[in-house]
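Residues per chain are reported as follows:
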Amino acid sequence: MPPVKVLTVFGTRPEAIKMAPVVQELKKHKEEFHCLVAVTAQHREMLDQVLRLFSIEPEYDLNIMRPGQSLEEITIRALEGLVRVLDREKPDLVLVHGDTTTTFVAALAAFYRQVAVGHVEAGLRTGDKYAPYPEEMNRRLTGALSDVHFAPTCKARQNLLQEGVPAERIYVTGNTVIDALKATVRKDYSFTDPVLASLDFTKRIILVTAHRRENWGGPMQEIFSALREIKEQHPEVEIVFPVHKNPRVRDMAEEILKGIPGVHLIEPLDYEPFVNLMARSYLVLTDSGGLQEEAPALGKPVLVLREVTERPEAVQAGTVRLVGTSKEVIVAATKELLEDQGSYLKMAQAVNPYGDGQASKRIRGFLRYYFGFALAPPPEFTYLGEAQGQEIRDKGRL
Ligand code: UD1
Ligand code: UDP
């Protein structure tokens, strides 16, 4: 049989991190898969950081990013560019990841050209159309357009079943972010970034990220004011905040936090130093999706700066707590974890339900079955409990 042509499409930092292991896995098996990469470059610098790290050279780069871009601008530019790529390559399958506008538009372009769609990290839901915005709808719309759904967890599978997706189209893989994490986090890692290299790691480090659209404006002001207060109340901690490139985030972060000693506003970090910094941090404050999966794998408590999450597994497991965006609540929850060792250890020792590092292998295995190279797919990911989380945590533990 000739190799199956798979076009992987992504555009932002998190998609690139989570698709890199899949691209690498498919590219290792050229006899069965001809894997092409098209990036919309909805992100530019933050995407390139990941492409460099994983040595991915896209066959197509639509280079669509503009400063302060709107949702409709991304949609239009990506759709026009991707349809041209599809017309030229005529792939057997388009593989997309997650919930960005690139994800949805790539699935839409494939539908317009009647090409099958595989959705990696399928089935995450909050049930609230506007939270996260626009990601919840991006996922639901992508799901509606997809032929194969690679659900990271059993909960994600249940969500899809409830929406009427046929069971045989859903395959539980674990999250590919754990594949990437396992390949990247190391005990002996040393930082070259001057700020990180000069950090005093005997101090407790709070790692912060924030970028969600629904948090722009008032909620972000609350979050950043909370950080200022945390530093005032606990001068002994160091706060490290690699600030997202979005000017809406940057301007406010600088206005509220710039110049405070011990609050390090730095450029977005490459994935390698970032996850190795997370492994050496005490606590994570974030509104990111990916960090809610990575930090539990490293045994780091996470306070999620959102009202709802599509990743309930780690909340149930006890590693992640939803605190929302009120300044008082964020300050109080952080204070508790800094001052009450019992509360901290309860969260830090929780389990990791998101994956075992084999998700990309399972995705390839399922695609072998789907395209007739195998009679059955490999066994699905099942969460085995504490022992599974332990291996990755030990890699990161100092
Ligand atoms: C996007 C995704 C979001 C994802 C996030 C990950 C959408 C609508 N949003 O949000 O789901 O969680 O990425 O980070 O798909 N910028 C740069 N350089 C970069 C990246 C961004 O300058 O490398 C600036 C640009 O001014 C750009 C702005 O950030 O216009 C916003 O980028 P955009 O992709 O629209 O939104 P994000 O908030 O990054
Ligand atoms: N990340 C990174 N450098 C940073 C901040 C985050 O490499 O300075 C990684 C992080 O490890 C995770 C991903 O980027 O894998 C999360 O991306 P982001 O928070 O932008 O998006 P989300 O996950 O919310 O969609």
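Described below are features of the structure shown in this document.

Conventions and cut-offs
- Residues numbered from 1 in each chain as written.
- Chains lettered and ligands numbered in written order.
- Predicted model: local features only at pLDDT ≥ 70, side-chain atom pairs only at ≥ 80, totals over all residues.
- Heavy atoms only, no water.
- Helix = DSSP H or I, 4+ residues; strand = E, 2+ residues; numbered from the N terminus.
- Buried < 20%, exposed > 50% of the residue type's maximum accessible area, 1.4 Å probe, protein only.
- Salt bridge = Lys/Arg side-chain N within 4 Å of Asp/Glu carboxyl O.

## Overview of unusual backbone geometry
- With omega at -10 degrees, the peptide bond leading from A131 into P132 counts as cis.
- Position of P132 relative to the elements: it lies in the loop between strand 5 (116-120) and helix 5 (135-145).
- With an omega dihedral of 5 degrees, the bond running from Y133 to P134 counts as a cis peptide bond.
- Relative to the elements of secondary structure, P134 occurs in the loop between strand 5 and helix 5.
- The phi dihedral of A41 is positive, around 55 degrees, even though this residue is not glycine.
- Mapped onto the secondary structure, A41 falls in the loop between strand 2 (33-39) and helix 2 (45-53).
- Positioned with a positive phi, E121 is a non-glycine residue whose angle comes to about 65 degrees.
- On the basis of relative accessible area, E121 is assigned to the buried category, the value being 5%.

## A look at the pattern of salt bridges
- Tallying each qualifying case throughout the model produces 32 salt bridges.
- With a closest N to O distance of 2.6 Å, R125 and E163 form a salt bridge. Of this pair, R125 sits in the loop between strand 5 and helix 5 while E163 sits in the loop between helix 6 (154-162) and strand 7 (170-172), and the two are 38 residues apart along the sequence.
- The partner of E336 in a salt bridge is R321, and the shortest N-O contact between them spans 3.7 Å. Of this pair, E336 sits in helix 14 (residues 327-339) while R321 is found in strand 13 (residues 320-322), placing the two residues 15 residues apart along the sequence.
- One continuous salt-bridge network, built from bridges that share partners, spans K18, D99, E121, E136, R139, R140, E293, R306, E310 and R311.

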